[in-house]
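This is what each chain is made of:
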Amino acid sequence: MSDAKIIDGKAFAAKLRERVAGEVARLVSDHGIKPNLTVILVGEDPASQVYVRNKGTQTEEAGMTSVTHKLDASTPEAALLELIESLNDDPACHGILVQLPLPDHIDESKVLAAIDPDKDVDGFHVINVGRLWTGQSALVPCTPYGCLMMLKEHFGGKLSGKRALVLGRSNIVGKPMAALLLAESCTVSIAHSRTEDLPERCREADILVAAVGRPEMVRGDWVKPGAVVIDVGINRVPAPEKGEGKTRLVGDVNFAEAAGNASAITPVPGGVGPMTIACLLRNTVVAACMQNGIDAPDI
Ligand code: NDP
């Protein structure tokens, strides 16, 4: 392994949460506004329950109000839409997040479309997608925004002209990541399951963002010497070395190999993961400012 710099997402997220808490304190003292993040969880998915609990804890730690609506898995779509409508109309609620995935009988796109775009702290509403791609002020999906923040810090803000390859084209990571890098004047390619000569395309990139959901798919020789690698993947794989039935988390990048070529790389865990909730808190503060005609802080 080379001496690639390890980009410490955990430390970065802690600093971002501190800045968010500072802005929350300012909003409360100067404007009497306590940002409120409301999360809706439908059903009992264990991973979703953990995420929602973590979101609630971190929201409160930042000095904001956290509200969680836990709905039964059999909740009709109409009832969920009604709840979203009432939150849209509630001035005390600044951010609405519907935890995905939703049960099969509920149409995800209909639900996301029902959220007021100005309260859409996940940044998934088509209005926010359109604003992002057209360079307007938008609420931006948290995971790619977290990646961008780490890249900007690493490059001292100078991303312009860099060749970036985003591996993955999902609406929640790949596409918004590409839009954000384009807005920073990177030369952006998006690769996916139909891309030809994938290792070669990856080797052309100064910035390689992997979001494929395939354990350690990106090998060391896919990484251009000196490139910066952001690994979004979170994959649980068997870890017999830790004992029978044990598992461990790995990214979409073979970390040990890629660190041999990269100049900097995010680890899994401890890289992109912790940034996602921190960016959600940031988005909630931005949303609260937008809704109250206050200039959003640059955090
Ligand atoms: P999706 O499954 O929605 O998208 C995966 C993308 O990878 C698709 O565009 C797919 O291409 C592409 N892909 C899949 N297999 C290959 C392959 N063999 N070669 C090239 N491209 C391939 O995943 P998400 O974007 O939701 O998530 C990606 C990863 O990021 C997952 O590991 C997920 O757990 C993680 N994640 C982490 C978050 C965090 O907080 N750190 C938040 C969100 C996700 P195609 O479109 O052609 O099918």
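Residues numbered from 1 in each chain as written. Predicted model: local features only at pLDDT ≥ 70, side-chain atom pairs only at ≥ 80, totals over all residues. Heavy atoms only, no water.

1. Notes on the state of the cysteines
Part 1: Tallying each qualifying case throughout the model produces 0 disulfides.
Part 2: For the unlinked cysteine Cys147, the closest cysteine sulfur is that of Cys279, found at 8.5 Å.
Part 3: Cys186 takes part in no disulfide bond, and the closest cysteine sulfur to it belongs to Cys147, at a distance of 13 Å.
Part 4: For Cys186, a relative accessible area of 4% puts it in the buried group. (Disulfide = S-S within 2.5 Å. Buried < 20%, exposed > 50% of the residue type's maximum accessible area, 1.4 Å probe, protein only.)

2. Describing the site of the ligand
Part 1: Close to the ligand lie 22 residues; Arg169, Ser170, Ser193, Arg214 and Thr276 are nearest.
Part 2: In the model, an oxygen atom of the ligand is placed 3.1 Å from a nitrogen or oxygen of the Ile234 main chain.
Part 3: Here an oxygen atom of the ligand sits 2.8 Å away from a polar atom, N or O, in the side chain of Thr276.
Part 4: Protein contact buries 70% of the 920 Å² of open area that the ligand shows by itself.
Part 5: A majority-of-atoms criterion places the ligand in the largest pocket.
Part 6: Taken together, the residues of the shell around the ligand sort by class into 9 nonpolar, 10 polar and 3 charged. (Near = heavy atom within 4 Å. Polar contact = N/O pair within 3.5 Å; in protein donor to acceptor, adjacent residues only side chain to side chain. Areas by Shrake-Rupley, 256 points an atom, 1.4 Å probe, with all protein chains shown as cover. 1 Å grid on protein atoms, 1.4 Å probe; cavity = no way out; pocket = protein on both sides within 12 Å on 5 of 7 lines; lining within 4 Å. Sits in = over half its atoms within 2 Å of the grid points. Nonpolar A, V, L, I, M, F, W, Y, C, P; charged D, E, K, R; others polar.)

3. A look at the sheet that holds strand 5 (residues 163-167)
Part 1: Ordered in space as 1-11-8-7-5-6, the 6 strands form an open sheet in which the pairing is parallel. Because the sheet does not close on itself, it has two edges, and the strands there are strand 1 (5-6) and strand 6 (187-191).
Part 2: In this sheet, strand 6 lies alongside strand 5 in parallel orientation, the contact comprising 5 bridges. Bridged to Ala164 within strand 6 is Val188. (Pairing = 2+ DSSP bridges. Helix = DSSP H or I, 4+ residues; strand = E, 2+ residues; numbered from the N terminus.)

4. Considerations on unusual backbone geometry
Part 1: In this model, Leu100 is joined to Pro101 through a cis peptide bond whose omega is 0°.
Part 2: In this structure, Pro101 sits in the loop between strand 4 (95-98) and helix 4 (108-114).
Part 3: Of note, the bond from Val268 into Pro269 is cis; its omega dihedral lies within 30 degrees of zero at 0°.
Part 4: Even without glycine at this site, Ser185 takes up a positive phi of about 70°.
Part 5: Position of Ser185 relative to the elements: it lies in the loop between helix 7 (174-183) and strand 6.
Part 6: Positive phi, close to 50°, is recorded for Asp197, a residue that is not glycine.
Part 7: Within the element layout of this structure, Asp197 appears in the loop between strand 6 and helix 8 (198-203).

5. Quick look at the pairing of strand 8 (residues 228-231)
Part 1: Here strand 8 shows no split at all, with Val228 and Ile230 on one side and Val229 and Asp231 on the other all buried.
Part 2: Direction of pairing for strand 7 (residues 207-210) relative to strand 8: parallel, over a ladder of 4 bridges. When the sheet's bridge partners are listed, Leu208 is paired in strand 8 with Val229.
Part 3: Direction of pairing for strand 8 relative to strand 11 (residues 264-265): parallel, over a ladder of 2 bridges. Within the sheet, the bridge partner assigned to Val229 lies in strand 11 and is Ile265.

6. What to know about helix 7
Part 1: The element helix 7 is largely enclosed, with a buried count of 7 among its 10 residues.
Part 2: Buried residues of helix 7: Gly174, Pro176, Met177, Ala178, Ala179, Leu180 and Leu181, and no others.
Part 3: Close packing links the buried residues of helix 7 with helix 5 (126-133), helix 6 (142-154), strand 5, strand 6 and strand 7.
Part 4: Directly after helix 7, the chain includes Ser185, whose backbone phi takes a positive value near 70°. (Contact = heavy atoms within 4.5 Å.)

Purely geometric stuff here, so don't read any function into it on its own.
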